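Fold and geometry: a report
Next come the chains, spelled out residue by residue.
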Amino acid sequence: MAINIAVLAKKTAPLVFEFDGETVNAEFTPHKITPAYRALLNRLDSGAGLDEDAKIATAKMLSDLITKWDVMAGDEPASLDYKHLVDIPLTLLGATCAAIWSAVGKLMNVESNS
């Protein structure tokens, strides 16, 4: 049977990483990573600074890729929609992107070794 890209894009994977002494538990959609998202993740991984346009692009990307996480905004779960993510601290956005980049790299390595 042929691969259905629409079905593949809906599949989620766990994402667990440490940030500021806490464990963040999340899920993301690794098969939604486009060449544009890959370029942004690679730019972030290279240590390039984030200007305002890159921060906006990062928030948009994460709103598309992250399906759930246990991050709180006060007493409420932190929203994953773009208008809220753009106000999340840049350090947390960067750590989330780094975790995604690492997880996707492992996924690609596993798939290429199969």
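As a reminder, the structure under discussion sits directly above these lines.
A brief look at the structure comes next. (Residues numbered from 1 in each chain as written. Predicted model: local features only at pLDDT ≥ 70, side-chain atom pairs only at ≥ 80, totals over all residues. Heavy atoms only, no water.)

Here the focus is the sheet that holds strand S1 (residues 13–19). One open sheet holds the three strands; their spatial order is S1-S2-S3, and the pairing between them is antiparallel. On the outer flanks of this sheet lie S1 and strand S3 (66–69), each paired with one strand and no other. The average angle at which neighbouring strand axes cross in this sheet is 30 degrees, direction not considered. Bridge count between strand S2 (residues 22–28) and S3: three bridges; the pairing is antiparallel. By the bridge assignment for S3, Phe28 is matched with Ile66. Sitting on the sheet, helix H3 (residues 52–65) is in contact with S2 and S3, with an inclination near 80 degrees to S3. (Pairing = 2+ DSSP bridges. Helix = DSSP H or I, 4+ residues; strand = E, 2+ residues; numbered from the N terminus. Axes fitted to C-alpha atoms, helices over the stretch in contact; angles between N-to-C directions. Contact = heavy atoms within 4.5 Å.)

Here we take up the pattern of salt bridges. Summed over the entire model, instances satisfying the criterion amount to two salt bridges. A salt bridge links Lys68 to Glu27; its shortest N-O distance comes to 3.7 Å. Remark: Glu27 occurs in strand S2 and Lys68 occurs in strand S3; sequence separation between them is 41 residues. Between Lys32 and Asp64 there is a salt bridge; the shortest N-O distance is 3.2 Å. A residue pair is termed long-range when its members are at least 10 positions apart, and Lys32 in the loop between S2 and helix H2 (35–45) and Asp64 in helix H3 qualify at 32 residues. Here Asp64 falls in the partly exposed class, since its relative accessible area comes to 29%. (Salt bridge = Lys/Arg side-chain N within 4 Å of Asp/Glu carboxyl O. Buried < 20%, exposed > 50% of the residue type's maximum accessible area, 1.4 Å probe, protein only.)

By themselves, these are just geometric observations and shouldn't be taken as functional.
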